[in-house]
Amino acid sequence: SGGMAALAPIAVKYIKDSFLSQLVVYVFGFVVFFDDYGNTLIVGNSIRPTTDYMRLSREKLSFLVDCTAAPIASLMPISTWVAFEVSRIEASLRTIGYTDESAYGLFLDSI
């Protein structure tokens, strides 16, 4: 819908060098945490013009986006990865007969 694309020009006002542009990529990765693939597509495409302007290589941009997408999506309490992880935990709990705690509660405790 263009929400992230609208944030990129605002971030440009605060970016003075390539280090700060890397920090913005990292922060944008936390903003879009619902899915790792969605994070990669949204953050990478919306911030690319800014990092190009700051002369941050596209390889570095792709590395930063990739290194933040899946780890953040897998640790946030609400995301597509968490739904998958909780389903696996629940199946394992049923297999061993553990009923003291819910799968989601056990996931949150593991963070």
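Residues numbered from 1 in each chain as written. Predicted model: local features only at pLDDT ≥ 70, side-chain atom pairs only at ≥ 80, totals over all residues. Heavy atoms only, no water.

Trainee: I'd like to hear about the overall build of the protein, residue by residue, with values.
Mentor: Looking only at helices and strands, the protein features 6 helices and 0 strands. From first element to last, N terminus to C terminus, the protein shows the α and β order α-α-α-α-α-α. Radius of gyration (C-alpha) of the protein: 18 Å, far over the 13 Å computed for a compact globule of 111 residues. Based on the C-alpha atoms only, the size of the protein along its principal axes is roughly 55 × 25 × 20 Å. Out of the 111 residues belonging to the protein, those deemed buried represent 35%. Of all intrachain contacts in the protein linking residues separated by at least 6 positions in sequence, the fraction that spans at least 24 positions is 53%. Carbon and sulfur atoms make up 65% of the accessible area of the protein, which amounts to about 7,000 Å² in all. (Helix = DSSP H or I, 4+ residues; strand = E, 2+ residues; numbered from the N terminus. Rg over C-alpha atoms; globule rule 2.2 N^0.38 Å. Buried < 20%, exposed > 50% of the residue type's maximum accessible area, 1.4 Å probe, protein only. Contact = heavy atoms within 4.5 Å. Areas by Shrake-Rupley, 256 points an atom, 1.4 Å probe, with all protein chains shown as cover.)

Trainee: Lay out the nonpolar core in plain terms, naming residues and giving numbers.
Mentor: Soluble globular proteins: nonpolar side chains tend toward being buried together. Core analysis: the biggest nonpolar cluster contains 15 residues, and Val24, Val25, Phe28, Val43 and Ile47 have the highest contact counts within it. Those residues in contact with Val25, other than ones at most four positions away along the chain, are Val43, Ile47, Thr51, Leu61, Leu64 and Val65. Formed by 5 residues, the second largest nonpolar core is a distinct cluster that contains Val86, Leu93, Ala103 and Phe107. (Core = buried A, V, L, I, M, F, W, Y, C linked by side-chain atoms within 4.5 Å.)

Trainee: Any chance you could break down the confidence of the model for the protein for me, citing the residues and the numbers?
Mentor: Low-confidence regions, as indicated by low pLDDT, have predicted coordinates that should not be scrutinised in detail. When the pLDDT values of the protein are averaged, the result is 87; 99% of them are 70 or greater. In the model of the protein, helix H1 (residues 3-12) stands out as the element of lowest mean pLDDT, 78, in contrast to helix H5 (residues 80-96), which has the highest, 92. (pLDDT = per-residue confidence, 0-100.)

Trainee: Give me the lowdown on the side chain of Ser79, citing residues and values where you can.
Mentor: On the secondary structure map, Ser79 appears in the loop between helix H4 (58-75) and H5. Of the residues examined, Ser79 reaches a relative accessible area of 10% and is grouped as buried. A distance of 2.4 Å separates the side chain of Ser79 from the backbone oxygen of Ala73, its partner in a polar contact. (Polar contact = N/O pair within 3.5 Å; in protein donor to acceptor, adjacent residues only side chain to side chain.)

Trainee: Could you give me a rundown of a nonpolar patch on the surface, with the residues and numbers involved?
Mentor: Taken together, the side chains of Leu7, Ile10, Tyr14, Leu23, Tyr26, Val27, Phe30 and Val31 make up a nonpolar region of the molecular surface, amounting to roughly 750 Å² of accessible area. Inspection of the secondary structure puts Tyr14 in the loop between H1 and helix H2 (18-31). Owing to a relative accessible area of 63%, Tyr14 belongs among the exposed residues under this scheme. (Patch = residues over 30% accessible without salt bridge, like charges linked within 9 Å, V, L, I, M, F, W, Y side chains within 5 Å. Salt bridge = Lys/Arg side-chain N within 4 Å of Asp/Glu carboxyl O.)

Trainee: Give a detailed account of the packing of aromatic side chains, specifying residues and quantitative values.
Mentor: Going through the model one piece at a time under the given rule, you end up with 3 aromatic pairs. The interplanar angle of 75° and the centroid separation of 5.1 Å between the aromatic rings of Tyr26 and Phe30 together place this pair among those described as edge-to-face. With Tyr26 and Phe30 both in helix H2 and 4 residues apart, this pair spans about one turn of that helix. Its relative accessible area of 36% is what places Phe30 among the partly exposed residues. Here Trp81 and Phe84 contribute two aromatic rings whose centre-to-centre distance is 5.9 Å and whose plane-to-plane angle is 80°, an arrangement assigned as edge-to-face. One end of the pair, Trp81, and the other, Phe84, are both in helix H5, 3 residues apart, so they sit about a helical turn from each other. For Trp81, a relative accessible area of 31% puts it in the partly exposed group. Using a relative accessible area of 46% as the deciding quantity, one classes Phe84 as partly exposed. (Phe/Tyr/Trp six-rings, centres within 6.5 Å; stacked < 30°, edge-to-face > 60°.)

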